[in-house]
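Structural features, examined
One-letter residues, chain by chain:
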Amino acid sequence: MPAIAGMIDRTGRSLRARPAPTKKITTKNTKNAASCASWLKLNERPRGKRKTQRGTMSKQKLELTWIGKDKQPVLEPRILIEDPEKSYGDKSAENMLIFGDNLLALKALEQDFAGKVKCVFIDPPYNTGSAFTHYDDGLEHSIWLSMMRERMQIIRRLMSNDGSIWITIDDNENHYFKVMMDELFGRQNFITTIIWQKIFTVKNSARHFSDMHDYIVVYAKDASIWQRKLLPRSAKLDNTYTNPDVTIQLKKNIIFKKKFLTRFFVDFSKFG
């Protein structure tokens, strides 16, 4: 039944009701009718769609994408077998020196040490293109990132909530690695980047600048509860300081000149 549109004029008389205008589409055949119906359906603006799209976009986060990022190897559970001939020291100690593929070793450690490791230090290949006997240091960037991502995911599961990880790296992969770690550990859990000097002489053979330092990237599993473990300062270190600790005496002199001024003078007479 069509809708009825009615109205009342200023005198209060009811005007004659007439059917509300409706949009009609006339077609000569069923094929054209189907086309018109499709056109109306495509051009119809659904309510709330824009809001939904904005909500979806707001949930997106910054990430580094490369070829093969989501292709992770299927790792079967592994066990660690002790070699008595190469073991030494206290038998009851939990110290272990593992020989083998580091990815498989990390997977084996996950069974017994998940959530228990407080400190992790790794020295991965810098991917500089140099030739080494025991590992490939010239991988394509995407392959290097995939290998590091697989290991960082397992290491994070091994770490305790108050644990931290320290990674040595150089300029070749540092910035890509930083973005990847922000995705895995959370940007809020980045602690700092430590610079350590590796060369103490200038390279005259350098093409642009003399590369004299590398980095140590530090992340915590939960930066809100992680705390540094500072070492006490030794007597040997105290002896390296030549300037004695002295107390400076301050004298206050107030002078009235249109307004109060406060001046401080340092008394050096007691320092000889």
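Structure: see above.
What comes next is a walk through the structure.

What counts as what
- Here the residue index of a chain counts from 1 through its sequence in written order.
- Restriction of local features to residues with pLDDT of at least 70 applies here, the model being predicted, together with a cutoff of 80 or more for giving and counting side-chain atom pairs; totals for whole chains, interfaces and linings are based on all residues.
- Side-chain metrics in this entry use all non-hydrogen atoms of the structure; hydrogen atoms and water are not considered.
- Think of it this way: a Phe, Tyr or Trp ring, Trp meaning its six-membered ring, pairs with another when their centres are within 6.5 Å, and the plane angle makes it stacked under 30 degrees, edge-to-face over 60, tilted otherwise.
- Secondary structure elements are defined from DSSP: runs of H or I of at least 4 residues count as helices, runs of E of at least 2 residues count as strands, and each element is numbered from the N terminus.
- Under the scheme applied here, a residue whose accessible area is under 20% of the maximum for its type counts as buried, over 50% as exposed, and between as partly exposed, the area being computed with a 1.4 Å probe on protein chains only.
- By definition, being over a ring means that NZ of Lys or CZ of Arg is both within 6 Å of the ring centre and within 35 degrees of the ring normal.
- One less than the residue count of a helix, multiplied by 1.5 Å, gives the span that helix is expected to have.
- Any two residues whose heavy atoms approach within 4.5 Å at even a single point are treated as in contact.
- The definition of a nonpolar core used throughout is a set of buried Ala, Val, Leu, Ile, Met, Phe, Trp, Tyr and Cys residues joined through side-chain atoms within 4.5 Å.
- Within 3.5 Å is the distance limit for a polar contact, defined as a pair of N or O atoms, with the added protein rule that one can donate a hydrogen and the other accept it, and that residues adjacent in sequence qualify only through two side-chain atoms.
- Think of each axis as a best-fit line through the C-alpha atoms, taken over the contacting stretch in the case of a helix, with angles from 0 to 180 degrees between the N-to-C directions.
- Here roughly perpendicular refers to angles of 65 to 115 degrees, roughly parallel to angles under 35, roughly antiparallel to angles over 145, and oblique to all remaining angles.
- A crossing counts as left-handed when the near helix is turned anticlockwise from the far one by less than a right angle, and as right-handed when that turn is clockwise.
- Under this grouping Gly is polar, as are all residues other than the nonpolar Ala, Val, Leu, Ile, Met, Phe, Trp, Tyr, Cys and Pro and the charged Asp, Glu, Lys and Arg.
- Patch criteria: residues need more than 30% relative accessible area and no salt bridge. Like-charged residues are merged within 9 Å; nonpolar side chains of Val, Leu, Ile, Met, Phe, Trp and Tyr are merged within 5 Å.
- With residues, only the protein chains shown are counted as cover, and all accessible areas are computed by Shrake-Rupley using a 1.4 Å probe.
- Here, a salt bridge means any Lys or Arg side-chain nitrogen found within 4 Å of an Asp or Glu carboxyl oxygen.

Digging into the packing of aromatic side chains
Inspection of every chain in the model, using the stated rule, returns four aromatic pairs. Both rings, one in Phe185 and one in Tyr219, keep their centres 5.8 Å apart while their planes meet at 45°; by these two values the pair is tilted. One end of the pair, Phe185, is in helix α5 (residues 174-185); the other, Tyr219, is in strand β8 (residues 213-220), and 34 residues separate them in sequence. Taking relative accessible area as the criterion, Phe185 reaches 2% and is therefore assigned buried. Every member of this aromatic cluster is reached through a ring pair, and the members are Phe185, Phe190 and Tyr219. Note that Arg156 overlies the ring of Phe185, its terminal NZ or CZ placed 5.8 Å from the centroid. Just above the ring of Phe190 sits the side chain of Lys178; from NZ or CZ to the centre is 4.3 Å.

Considering helix α3 (residues 102-113)
Taking 1.5 Å per residue as the helical rise, α3 with its 12 residues ought to reach 16 Å, and the 15 Å between its terminal C-alpha atoms agrees with that figure. Of the residues making up α3, those classed as buried are Leu103, Ala105, Leu106, Ala108, Leu109 and Glu110. Of the surrounding secondary structure, the elements contacted by the buried residues of α3 are α4 (141-158).

Brief notes about the nonpolar core
Core analysis: the biggest nonpolar cluster contains 27 residues, and Met152, Ile155, Ile165, Phe177, Met180 and Met181 have the highest contact counts within it. Mapped by element, the contributors of at least two residues to this core are α3, β3 (117-122), α4, β6 (159-169), α5 and β8. It is α4 that contributes the most residues to this core, seven residues altogether. Excluding residues that lie within four positions of it along the chain, Met152 makes contacts with Ile122, Ile165, Phe177, Met180, Met181, Leu184 and Phe185.

Overview of the environment of Lys198
Tracing the sequence through the fold places Lys198 in the loop between β7 (190-197) and β8. Residue Lys198 is classed as partly exposed on the basis of its relative accessible area, which comes to 32%. For the pair Lys198 and Tyr215, spaced 17 residues apart in the sequence, the C-alpha separation amounts to 9.7 Å. Separated by 3.1 Å, the side chains of Lys198 and Asp214 make a polar contact.

Some remarks on the packing of α3 against α4
Running from N to C, α3 and α4 cross one another at 20°; their axes reach a closest spacing of 9 Å. With respect to α4, the element α3 is oriented roughly parallel. Considering the relative orientation of α3 and α4, their crossing is left-handed. When α3 is examined against α4, the residues Asn102, Leu103, Leu106, Lys107, Leu109, Glu110 and Phe113 are found in contact with a partner set consisting of Glu150, Arg151, Ile154, Ile155, Arg157 and Leu158. Residue classes in the contact of α3 with α4 are distributed as seven nonpolar, one polar and five charged.

Description of a nonpolar patch on the surface
On the surface, a nonpolar cluster with roughly 250 Å² of combined accessible area is contributed by Leu80, Met96 and Ile98. Along the chain, the position of Leu80 falls in the loop between α2 (49-58) and α3.

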